[in-house]
Amino acid sequence: MTEATAAIPAAVKVEAPPPELERQPLVLNQRPLGWITDHIAGVAEGKTPKWWWVAFGISAPTMVMCFVMIAYLISTGVGVWGLNHPVAWAWDITNFVFWIGIGHAGTLISAILFLLRQRWRTSINRAAEAMTIFAVMCAGIFPLIHVGRAWFAWWLLPIPTSNSLWPQFCSPLEWDVFAVSTYFTVSLLFWYMGLVPDLAVMRDRATNKLKQILYGLFALGWRASNRHWSNYEKAYLLLAGLSTPLVLSVHSIVSFDFAVSQLPGWHTTIFPPYFVAGAIFSGFGMVLTLLVPLRSVCNLQEIVTTRHVELMCKVVLATGSIVGYAYGMEFFIAWYGGNPYELDAFRFRAFGPYWWAYWIMITCNVISPQLFWFKKIRTNMVAVFIISIVVNIGMWFERFVIIATTLAREFMPANWGYFSPTMVDILTFVGTFGLFMTLFLLFMRFLPMIAICEVKGITPQADPHHPLGGAGKGGHH
Amino acid sequence: MKTIPPPCPEPESGPKYWRSLDQLADTPEFREWVEREFPSGASELTDPTTRRHFVKIMSASFLLAGLGLTGCRRPEERIMPHSKMPENQVHGVPQYFATAFPLRASATPLVVTSHDGRPTKIEGNDRHPDSNGATDQFAQASILNLYDPDRAISFRQGGHAKSREQALDMLTELAAKAAASQGQGLCFLLERSSSPTRERLQARLAQKLPQARWFVYEPVDFDIHRQAATLAFGQPVAPANKLDAAKVILSLDHDFIGAEEDSWLNVRRFAKGRKIHRPEDEMNRLYVVEALYSLTGANADHRLRVASGLVQAVAARLAMEVFKLTGKHAELANALAALAEPAKPWEKWIVEAAADLVKQGAGGLVMAGYRQPLAVHLLAHAMNSALGAVGRAVQLLPAPPPAGESLEKLAAELNAGKVDTLVIVGGNPAYNAPAAMEWPKLQAKAKAVIRLGYYEDETAEGCAWHLPMAHYLESWGDARTADGTLVPVQPLINPIFGGLTELEVLARIGGLAATRPYDLVRETFRELSGSAEENAWRKFLHDGFLAHSAAKPVAGQLQASAVASVLSEAKPVAAPGAQNLEVVFYRSYSTDDGRFNNNGWLQETPDPITKLTWDNAILLSPKTAQALNIGGLDEKAKGNKTEKGLFFNQVAALELNGRKLSGPVWIQPGMADFVVGLALGYGRTKTGRIGRLADGSPAGFNAYALKAGTEAHAQGARLTVLPGARRQLASTQEHGSMEGRPLIREANKEDFARTPTFARHMDLDSPAHTGHIANDAQGNPKPIYPRPQLNGMHQWGMVVDLTSCVGCTACMVACQSENNIPIVGKEQVAKGREMSWVRLDRYYAGTVEDPQIAYQPVFCLHCENAPCESVCPVNATVHDDEGLNLMTYNRCVGTRYCSNNCPYKVRRFNFFDYNRRPLDQLYRSPFSLNKDGQVEAVRWLKDPDKGTVPADQWDLLKLARNPDVTVRMRGVMEKCTYCLQRLEQAKIAKKVKARASGDVRLNERDGSVPKTACQQACPAEAITFGDIADPDSQVSKLKKLPHNYSLLGFLDTRPRTTYLARIRNPNPRMPDYDARRPHPQTLNEYISRHGSPLESHGAKGKKESVHPPKGAHQ
């Protein structure tokens, strides 16, 4: 570096920023591009580590349990869950909103942060997008199976029939069908498209025929030509543009499931932004939960650096504060609005039979992320990991509080009730974690979990003007 | 819907049309026709797996029996259709038959719907002179007993099945033996009955077998009314309370709305005197003195809670005051002073109530309940006599004493070893005889016990012979209703299991020539009507009663000396205490005395006071519980504490004179202190699949275990909590307080007079009043979605008068019967999954010690702007142009969003296949064995229609269904439809009638608007249904009343069912009347939260003209 700067005349020489203000590099230790490829692809190519087998050995049976529970549910009746009158939705929709919320971080990172030129996104976007897809799959299960006659769930699709039976387009559940399926489709495409250059890398590095064929098949003949790159970049930008409104729309529409109804506690206009903020909050929580341990077991600390973790913590802090504000605002409006039913609904939330759920939610979602004001905590991986889990617990409770406590006590006291989950409720939910983790473990074993080409793109040497930059100098691209 | 044509007398001469099967029976064509059973649809019916298989057999046997192909020579036992002639019988179109539901010494006149030979729905006979077509919950549910798979189905000797013929041979032998010994050693134990034929048979048998003894036992016996009146007036009479003629009614533990005989009749008369539509309308006033919180207490304007034993003191004090004010029966006053002593604490209450009674004079009415001793009854009669009410508000009907001695006498006979053959007809003494009697042991002392019973129950054990009894819908019989009118009990179906009737058994034992019940009943009819004509008989069967056969009231003069002598024997009763509790045994609102224990509809109909299902409990007042260190009261919820929405109540042991029982404690607000309430009719050790819970334990505990004799209450009980023991109870309502919300809107008569529109001022502002929502031309908020086009010919609507509604639950059972609503079992009710389409909300207001109760039946309100419709993603719930909120079961996928968005929560979801699974197999997966020992999945592949229900149950279950209403499968939402099937039937009938005239609109003038099942069953006529597009309809008129309001109207749901606010009529001079807050307690609670709708809204009342109240829409 000194060699290069010496050649510049003193007049145009810019003072180097003091070391404390210098941006931390996104890839530490000035690793060469080849090292990056080797390192990331190595996670998928190397021998399957023991911890993977252990994790898989836990998650796969859990996933099977989920399917057994679903089979029991569908064959026997929704009554195997703890639902009742008046609480006709509880863990089913709670889990749906919870998983959908988690699915928010991926697309936010890949689309919005891309458009905002947040270069740090490259280290985490692949894993986050995969997480999104798997989370939306887990989420999608619940609306499908929670209906009384799951074998007719396809009636929600707008399929023209000979007797002109269409779905009811006024229903927010119908909007959900479109919102979630669109979101899933676009997220999947976005993720896959981003994978194409890396699949080509995997193909080129393949050690046996089978891998070569399979990776080659999915790499769609990628040869990294300039034309390919040019088309790729354009498509990526377009998809990012398409996905951005989806990030906001999906959870807004999910929130309409509640906001459009007329129950005190559901019928509020604050829900769409509050749900979106909550979703990003929980999504980043889940990204942290996954990446913090992964970066150490897979030796990716140089690519997913402390700076990355810190930045994500800051997002968690910001969205957590928005969520906290929304909680407060709900109470304020309940009081200010002068509707006694509304006021009672919020009174019951905080001090009614589900007070414990409410205060768990407040502790986890409002208080715990405030710890991220402290750099010490943001950079302490154990603390971050714990808080990220707490955030997700809190966000699950938020959905539970909104759904179950509202339904349990609304207009007519004679009809008030209480929801308690059954083992089937619990095991189905736990089972979806099995599904999620199984898919994620398979993903990291077979696909590069960090976008190799994108990470390379943000290394200093990727800049053609960089002394180490330019084609041919930094290993294959 | 029922079009009742005038009876068609068939001329004896002139052309004869065939109208009975026998007339055609001899023709070979007809024989062939019968063999083919259903010529028109024979091919489709031959498939043994069709659901009509069983019906077919039933119908066939019915026809064959009538034809005499089984050996009879001539037809008898013919059923006269009530409205439609056989030649007009259309397959699938129901027929209606008049019959009666005999219960104890009375009967309810009925019209029963029959679908293709199987009775499906019971309704009251509104042509009967003393009926408005209403029934009580027991009559409604009695049809389910007919289809009870657990009923006795075979003749048994010592437990082994025998043929019917063998049993009849046995009876013939018995008859011969009895005739030889003149009935020596032969004892009959019967239930009470009003059947003239049984009376006649008893008399005949008494002649033929003079040594035979007759005994009658009823665990809940209303005969005391007759006994007391007979004693008081010195002639054989029974009192008939004309509540509609009374202005002030005082009940001395007389639960005439719920537990007394013929409550449906009392409710009708009581409600008649309480119809208040305008402030100037007259309204009766009800004072209730009672220990338990009864339905009558719930409807009281003033309620005094005292221990049952102290009712006597209150009665005495009241009588003293009445005698003093009226100056009559002064000679009795001396005897009363001592008796009245314990009533000191309630002096003012009693004095003012007496003053109010006396002020009304002949319009006053005092009634004593069956649980009270003779002295209280006599005091009531004396007071009525002093008031001049005898012959007016209380009439005396001739009532000869029934033949039969008491159970105690029979016990003595048995102990003395004097009983050779004991014939037990009905009843269940082994279960419900006083525990002190140890009946099972006594019964074994008879040399042989022959039992005719509906169930093989506790009494059936150890019987030499057990004969299955026919259901009343399978039997020929007769009965007398409360007013003495003769009514027929005619069968609608041949005995499904070949059971015998009481009349037949008696006739056979008597060795009479005629043993067929039909002949016996006809013979009685001939005697009573004095007419042997066929037409008279036919008219009797057609109308369902014998006109002008009602008993003529007689004049009566109080026999003061007789009263005085009984009073002189009465002892003052001390107040109970924590270590000397008073136990009150009461007739259960659900299982009666235990006879409906195996009836799922009744087991699942919540007790209207406690809201408990499938259980009874040890009821205690909050103060008693506190004194006994029993926790579990939730002051805020005004009820028992819940743990996560479930009741796990403490179990206590109750001891009374050495007899013990244990059961869960239920803290019942409003009960008298140191009183323990025990519902009879639970805890059966030998009952069917319904009477036992899923775990095999009986539903509830047996309260008879504490009884020493026939007393209905006793002092000296001690209660100890069993540490750690808990029992889960299933209540359909967990929260008892209305939380100051304007759900039931109540006011006192004065409030109503001052502000008749008070109910409309109690809602929140509707969205129409807010500035930010645009309004349409009518001033209603502009909808986002297009509203349903309500341009149908009719516009259906309903009004529920909360002043009239007494909370009797008849509507709930009627709806269950009409609409094929399944039962779900205790475990599911506890979870909140009961399926009843009608919810009867019961709220307490005021203190938990002495609260007021208010009832509100809530069903689908058919909102014009229905929140459920816009959220259904598959268009399964939609609106029709006549204003009905429809539910398309076929289209429903079961997202349950509609239920969530319904502010009234009236939608019910089938969490399991309740219709096709036994209650204890709801959670079974398809890979487990079902009750028939088959893997469920395999069964499903073979017969997807059947479900896990055992075959015997399934066959009967199918018969009980109303074929006009879809049986819903699991995963489907359901709710009240305004009895859509009845509307459609009525429309079709009207169209058929209209032909080319085009007059197809249903209207009330020609009676073509059908009644909904709940409306039809309601004895109080609190439910009015009709066409609100017709300005002359009753419902339109009611909707215009000032106190008509929409529930949660501010949500702009615009419900088609609206409520008339409840008006109470308290006496301002009573001590429990708070002059500072002279309103019903619910209104006080509302005012403390929202301000008064009566005063502060005076200004708002003017505003009304600018903004018409949206909550009171239509």
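Scroll up for the structure.
For clarity, every value in this text was computed on a predicted model and none was experimentally measured.

J.: So what exactly am I meant to see when it comes to the interface of chain A and chain B here?
T.: Reports of interface size often rely on the accessible area that becomes lost once the parts have come together. Every contact between the two is made by 62 residues of chain A and, on the other side, 70 residues of chain B. Of the roughly 5,300 Å² buried at the junction of chain A and chain B (both faces included), carbon and sulfur atoms supply 55%. When residues of chain A are sorted by the area they lose upon contact with chain B, His 85, Arg 149 and Met 412 of chain A head the list and together hold 15% of the total. At the boundary of chain A and chain B, one finds 4 salt bridges. One salt bridge in this structure joins Arg 896 of chain B and Asp 92 of chain A, with 2.9 Å as the shortest N-O distance.

J.: Can you walk me through the pairing of strand β36 (residues 1023–1027) of chain B in this structure?
T.: When a strand is regular, its side chains alternate between the sheet's two faces. Residues and elements named next belong to chain B. In terms of burial, β36 is largely enclosed, as 5 of its 5 residues are buried. Bridge analysis of strand β29 (residues 796–801) against β36 gives 5 bridges, and the strand direction is antiparallel. Within the sheet, the bridge partner assigned to Trp 796 lies in β36 and is Asp 1027.

J.: Which parts of the structure should I look at to understand helix α18 (residues 502–509) of chain B?
T.: In an α-helix, one turn spans 3.6 residues; hence positions three or four apart end up facing the same way. All names here are of chain B. Burial analysis of α18 places 7 of its 8 residues in the buried class, which makes it a mostly covered element. Every buried residue belonging to α18 is among Glu 502, Leu 503, Glu 504, Val 505, Leu 506, Ala 507 and Ile 509, and all of these are buried. Within two residues after α18, Gly 511 carries a phi angle of roughly 65°, on the positive side.

J.: Whenever I open this one, the nonpolar core confuses me. Can you help?
T.: Grouped burial of nonpolar side chains is what soluble globular proteins tend to show. Grouped together as the largest cluster of nonpolar side chains are 405 residues, with contacts concentrated most on Trp 99 of chain A together with Leu 252, Leu 654, Leu 678, Tyr 904 and Leu 1048 of chain B. Beyond its immediate stretch of four places on either side in the chain, Tyr 904 of chain B contacts Met 412 of chain A together with Arg 839, Val 858, Leu 861, Cys 863, Leu 1047, Leu 1048, Thr 1053 and Pro 1055 of chain B. Among the nonpolar cores identified, the runner-up in size contains 41 residues, and Val 423, Trp 476, Leu 486 and Leu 512 of chain B belong to it.

J.: How do you make sense of the sheet that holds β29 of chain B when you look at a structure like this?
T.: Pairing between sheet strands relies on hydrogen bonds along the backbone, with the strands arranged either parallel or antiparallel. Residue and element names in this part refer to chain B. The sheet built from 4 strands is open, its strands ordered β36-β29-β38-β37 with mixed pairing. Among the strands making up the open sheet, the edge pair consists of β36 and β37 (1044–1045). Pairing analysis gives 2 bridges linking β37 to strand β38 (residues 1057–1060), with the strands arranged antiparallel. Across the sheet, Tyr 1045 pairs through a bridge with Tyr 1059, a residue of β38.

J.: Would you take a moment to explain unusual backbone geometry for this structure?
T.: Only a minority of non-glycine residues have a phi that is not negative, and only a minority of peptide bonds are not trans. Going from His 85 of chain A to Pro 86 of chain A, the amide bond is cis rather than trans, its omega being 10°. In this fold, Pro 86 of chain A is placed in the loop between α3 (50–76) and α4 (91–102). Within the chain, Asn 820 of chain B stands out as a residue other than glycine whose phi angle is a positive 55°. Structurally, the position occupied by Asn 820 of chain B is in the loop between α25 (810–818) and α26 (826–831). The phi dihedral of Arg 896 of chain B is positive, around 70°, even though this residue is not glycine.

Analysis parameters
Residues numbered from 1 in each chain as written. Chains lettered and ligands numbered in written order. Predicted model: local features only at pLDDT ≥ 70, side-chain atom pairs only at ≥ 80, totals over all residues. Heavy atoms only, no water. Contact = heavy atoms within 4.5 Å. Buried area = accessible area lost by both parts, 1.4 Å probe. Salt bridge = Lys/Arg side-chain N within 4 Å of Asp/Glu carboxyl O. Buried < 20%, exposed > 50% of the residue type's maximum accessible area, 1.4 Å probe, protein only. Helix = DSSP H or I, 4+ residues; strand = E, 2+ residues; numbered from the N terminus. Pairing = 2+ DSSP bridges. Core = buried A, V, L, I, M, F, W, Y, C linked by side-chain atoms within 4.5 Å.

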